[in-house]
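The chain contents come next:
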Amino acid sequence: MSIMLPAYPYQALLLQCRGGFENDCAAEITDISARFGATGYCRTRPGSGYVEFVPIAGGDLAEMLAELPFSNLIFARQWGACLRTLADLPVNDRISPILAELKGIGELHEVFIEHPDTNEGKELAGFCRKFFHPLRQALEREGIRIGANRHAPRLQLFFPRSTEVFVCLADPGNSSPWPLGIPRLRMPRQAPSRSTLKLDEALLSFLTAKEREARLKPGQTAVDLGAAPGGWTWQLTRRGLKVTAVDNGPMALEAMGSGLVDHLRTDGFKYRPPHPVEWLVCDMVENPLRVTALIAGWLCRGDCREAIFNLKLPMKKRYAMVQECLSLIQQHCADAEVDYTLACKQLYHDREEVTVYIRRR
Ligand SMILES: C[S@@+](CC[C@H](N)C(=O)[O-])C[C@H]1O[C@@H](n2cnc3c(N)ncnc32)[C@H](O)[C@@H]1O
């Protein structure tokens, strides 16, 4: 459920992204905001892990945020409407200047204290943790109620350094539910590879709990292209799905132990299933346009019902490449008259890549 943010003269939209992807995040928000009549420019520093979008005309950010679903953005992990940037915070009292910016706010849904997810930024994690309770107490002393109203905005304080803060408000229903946009996932001890977390996060991000329960259950079938050593396969078998794992490389014992896996040493671009499957997943390191065409083919022929796949992006213009891939899907599906829903995101566990989710309607 989305809310309208209070009508303040927000100075910018603050977007958090993976360090090194600031240009892609900036290209995306500039492109998308123009479609909402909010022309603006971006302030960004390479490697900083965030982008400021400053509207210059028609720039009612609260209105734009109410209309633009956060889930439409690929490279932003988190966002918030920035009331003010406070530089040179006094180290003996950072709280008073922050409170001064929140005059008129009666209620907050919750409070996130965030920092860039970069090597530099991670050093601020302890500081942010320690800041939380004194801030919360100070907010309550000011008469700001926290947590009682689901329709109230979230306060997001983003510290690029310990003496500077972006004071932001966000709609809890139209932003990432996790601070920094990072879900807390444990690496399962039995899983054969760390990339198991990529599929775990994708399922958590793209499907609701109800959808996961209904559409990932024992008896269902899946194909995993580029499966070795088996981290993604393991996520599927752990939910009881039968998996055909396609890879010339060896599968780890942990992935095969369930008895639900059939390993085929063959080319993922040539393999076709003898019967349609519910799920196709693909993590092959290959040209993104080639992978996109492959998955679109599966979906349009009805070889699978839904798919999750990675697009590896070793090139410079990553936003442009992803757009090209998404257009290719649109074209294939239009030609085949297939109706679909699609989501694409650079997840926390994605590196030089994004994850796409697509489902036939
Ligand atoms: C990033 S790894 C996959 C990791 C896997 N998702 C996991 O969680 O363990 C990529 C895999 O794709 C496989 N691969 C690349 N091209 C392939 C192709 N044309 N056919 C089948 N597998 C391929 C590689 O052998 C490699 O094992």
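Residues numbered from 1 in each chain as written. Predicted model: local features only at pLDDT ≥ 70, side-chain atom pairs only at ≥ 80, totals over all residues. Heavy atoms only, no water.

Concerning the sheet that holds strand β11 (residues 242–246)
Backbone-to-backbone hydrogen bonds join strands into a sheet, with any given pair of strands oriented parallel or antiparallel. Strand order across the open sheet formed by seven strands is β12-β11-β10-β13-β14-β16-β15, with mixed pairing between neighbours. The open sheet has two edge strands with one neighbour each: β12 (261–264) and β15 (340–345). In this sheet, adjacent strand axes meet at a mean angle of 15° when their direction is disregarded. In this structure, β11 lies alongside β12, joined through four bridges in parallel fashion. Bridging from a neighbouring strand, T244 pairs with D262 of β12. (Pairing = 2+ DSSP bridges. Helix = DSSP H or I, 4+ residues; strand = E, 2+ residues; numbered from the N terminus. Axes fitted to C-alpha atoms, helices over the stretch in contact; angles between N-to-C directions.)

Here's the deal with helix α5 (residues 125–141)
Along its 17 residues, α5 runs 25 Å from first to last C-alpha, staying within 8% of the 24 Å computed at 1.5 Å per residue. Along α5, the helix axis deviates most sharply at F132, where the bend reaches about 30°; the proline P134 sits within four residues downstream. Buried within α5 are the following residues: F127, C128, F131, L135, A138 and L139. Contacts from the buried residues of α5 go to α3 (95–101), β5 (107–108), β6 (110–114), β7 (145–146) and β8 (154–161). Of the residues one or two after α5, G143 is the one with positive phi, at around 90°. (Expected span 1.5 Å × (residues − 1). Bend = angle between axes of the 7 residues up to and from the residue. Buried < 20%, exposed > 50% of the residue type's maximum accessible area, 1.4 Å probe, protein only. Contact = heavy atoms within 4.5 Å.)

Details of the packing of aromatic side chains
Taken as a whole and judged by the stated rule, the model has 12 aromatic pairs. When the centroid spacing of 6.0 Å and the interplanar angle of 20° are considered together, the rings of F21 and F75 count as stacked. One end of the pair, F21, is in the loop between β1 (12–16) and α1 (22–35); the other, F75, is in the loop between α2 (61–67) and β4 (78–86), and 54 residues separate them in sequence. Between the aromatic rings of F131 and F159, the centroid separation amounts to 5.3 Å while the plane-to-plane angle is 80°, which identifies the pairing as edge-to-face. Separated by 28 residues along the polypeptide, F131 in helix α5 and F159 in strand β8 bring together distant segments of the chain. By relative accessible area, which is 0% here, F159 ends up buried. Three or more aromatic residues joined by ring pairs make a cluster, and in this case those are Y50, F158 and F166. Sitting over the ring of F269, R290 keeps its end group 3.6 Å from the ring centre. (Phe/Tyr/Trp six-rings, centres within 6.5 Å; stacked < 30°, edge-to-face > 60°. Lys NZ or Arg CZ within 6 Å of the ring centre and 35° of its normal.)

Section: the side chain of T355
Along the chain, T355 falls in strand β16 (residues 353–360). Residue T355 is classed as buried on the basis of its relative accessible area of 1%. Side chain to side chain, T355 and N310 meet in a polar contact 3.0 Å long. A polar side-chain atom of T355 sits 2.8 Å from a polar atom in the side chain of D350. In this view, T355 contacts A202, F206, I308, F309, N310, A343, C344, K345, L347 and D350; residues no more than four positions away in its chain are not counted. (Polar contact = N/O pair within 3.5 Å; in protein donor to acceptor, adjacent residues only side chain to side chain.)

Re the pattern of salt bridges
Under the definition given, this model contains 23 salt bridges. Where D117 meets R77, a salt bridge forms, and the shortest distance between an N and an O atom there is 2.9 Å. You can see D117 sitting in the loop between β6 and α4 (119–122) and its partner R77 sitting in the loop between α2 and β4, a full 40 residues away along the chain. For the pair formed by D117 and R77, the shared burial category is buried. Each of K198, D283, K312 and E353 takes part in one network of salt bridges that share partners. (Salt bridge = Lys/Arg side-chain N within 4 Å of Asp/Glu carboxyl O.)

Section: the domain arrangement of the protein chain
Size of an interface, as often reported, equals the accessible area lost when the parts are brought together. When cut into domains, the protein chain gives domain 1 (12–181) and domain 2 (196–360). Between domain 1 and domain 2, the C-alpha centre-to-centre distance is 32 Å. Taken residue by residue, the interface counts 18 residues in domain 1 and 18 residues in domain 2. Across the domain 1 to domain 2 interface the summed buried area is about 1500 Å²; carbon plus sulfur atoms make up 52%. Linking domain 1 with domain 2 are one salt bridge. At the junction of domain 1 and domain 2, the tally comes to nine residue pairs in polar contact (both at pLDDT 80 or more). Looking at side-chain class alone, the side of domain 1 that touches domain 2 contains eight nonpolar, three polar and seven charged residues. (Domains from an automatic or database assignment. Buried area = accessible area lost by both parts, 1.4 Å probe. Nonpolar A, V, L, I, M, F, W, Y, C, P; charged D, E, K, R; others polar.)

Examining the site of the ligand
Taken together, 17 residues sit near the ligand, with S193, S195, D247, G268 and D283 positioned nearest. Measuring from an oxygen atom of the ligand, one finds a backbone N or O atom of A228 at 3.2 Å. Between the ligand and G230 there is a distance of 3.0 Å, counted from an oxygen atom to a backbone nitrogen or oxygen. For the ligand, whose unbound accessible area comes to 600 Å², protein coverage reaches 76%. (Near = heavy atom within 4 Å. Areas by Shrake-Rupley, 256 points an atom, 1.4 Å probe, with all protein chains shown as cover.)

Structural notes on the side chain of H349
When you line up the elements, H349 lands in the loop between β15 and β16. One polar contact links H349 to E201, side chain to side chain, over a distance of 2.7 Å. If sequence neighbours within four positions are ignored, H349 has contacts with L185, L197, K198 and E201.

Regarding unusual backbone geometry
Of the consecutive residues A228 and P229, the connecting peptide bond is found in the cis state with omega at 0°. Inspection of the secondary structure assignment puts P229 in the loop between β10 (221–225) and α8 (231–237). The phi torsion at D88 lies on the positive side, around 55°, for a residue other than glycine. Of note, the phi angle at L180 is positive, near 65°, even though the residue is not glycine. Here L180 is to be found in the loop between β9 (164–170) and α6 (196–206).

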